[in-house]
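Report on the structure
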Amino acid sequence: MSKLVIHATTLSLLVGSEWRGVLILGPSGSGKSDLALRAIDAGCALVSDDYSHLWTSGGALYATAPQTIAGRMEVRGLGIMSVRTRPVTRIGLAVLVQSDPIERLPAHDVTTILGHNIPTLRLNPREASSLNKLLLRLKVP
């Protein structure tokens, strides 16, 4: 079993009877936690804020929070807050946050993590529609 700690915020969304996980990747201050906070308000559960433990099992990629930050999220301007959480999720999507303009019809990106090619969406987390785009993509089978 391969393991990795990565600088990413991880969320999970219940779609039908399946939890779908997403890694939100980007540098500090890029808007990962802000996008995650809006996604939690829209029904997602936080798995991990800022750092995520990843591992492979049974041909899938999974994520959980480091024990020291489990169940908590840093909300800029408010401090460390407890939020709705899920202890583990299977990763099916990666989001790369960026401030550069997003292509209108981008090629299908993938991010390779621990040998898994994860479908990847590029978002500017400060755009009003970024949450809607994230949720739409998570709901696609």
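In the block above lies the structure referred to throughout.
Each value, and the rule that gives it
Residues numbered from 1 in each chain as written. Predicted model: local features only at pLDDT ≥ 70, side-chain atom pairs only at ≥ 80, totals over all residues. Heavy atoms only, no water. Buried < 20%, exposed > 50% of the residue type's maximum accessible area, 1.4 Å probe, protein only. Helix = DSSP H or I, 4+ residues; strand = E, 2+ residues; numbered from the N terminus. Arc of directions from axis to C-beta. Polar contact = N/O pair within 3.5 Å; in protein donor to acceptor, adjacent residues only side chain to side chain. Core = buried A, V, L, I, M, F, W, Y, C linked by side-chain atoms within 4.5 Å. Contact = heavy atoms within 4.5 Å.

Attention now goes to helix α1 (residues 32–41). Restricting attention to buried positions, one finds in α1 the residues K32, L35, A36, A39 and I40. Viewed along the axis of α1, the buried residues span an arc of 140°, placing them on a single side of the element. After α1 finishes, the residue G43 shows a positive phi value of roughly 120°.

The topology assignment puts T111 in strand β9 (residues 109–113). The class for T111 is buried, based on a relative accessible area of 16%. Through-space distance from the C-alpha of T111 to that of A128 is 25 Å; in sequence the pair is 17 residues apart. A distance of 2.7 Å separates a polar atom in the side chain of T111 from a polar atom in the side chain of T120.

It is worth spelling out helix α2 (residues 130–139) at this point. Among the residues of α2, S130, L131, L134, L135 and L138 are the ones counted as buried. Each buried residue of α2 lies within a common arc of 130° when the element is viewed along its axis, so the set occupies one face. Exposed side chains of α2 directed beyond 90 degrees from the buried face belong to L136 and K139.

Moving on, we get to the nonpolar core. Grouped together as the largest cluster of nonpolar side chains are 23 residues, with contacts concentrated most on L11, V95 and L134. Secondary-structure elements contributing two or more residues to this core are β1 (3–15), β2 (18–25), α1, β6 (72–75), β8 (88–97), β10 (116–123) and α2. The residues contacting L134, other than those within four sequence positions of it, are L11, V22, L35, A39, L93, V95, L121 and L123.

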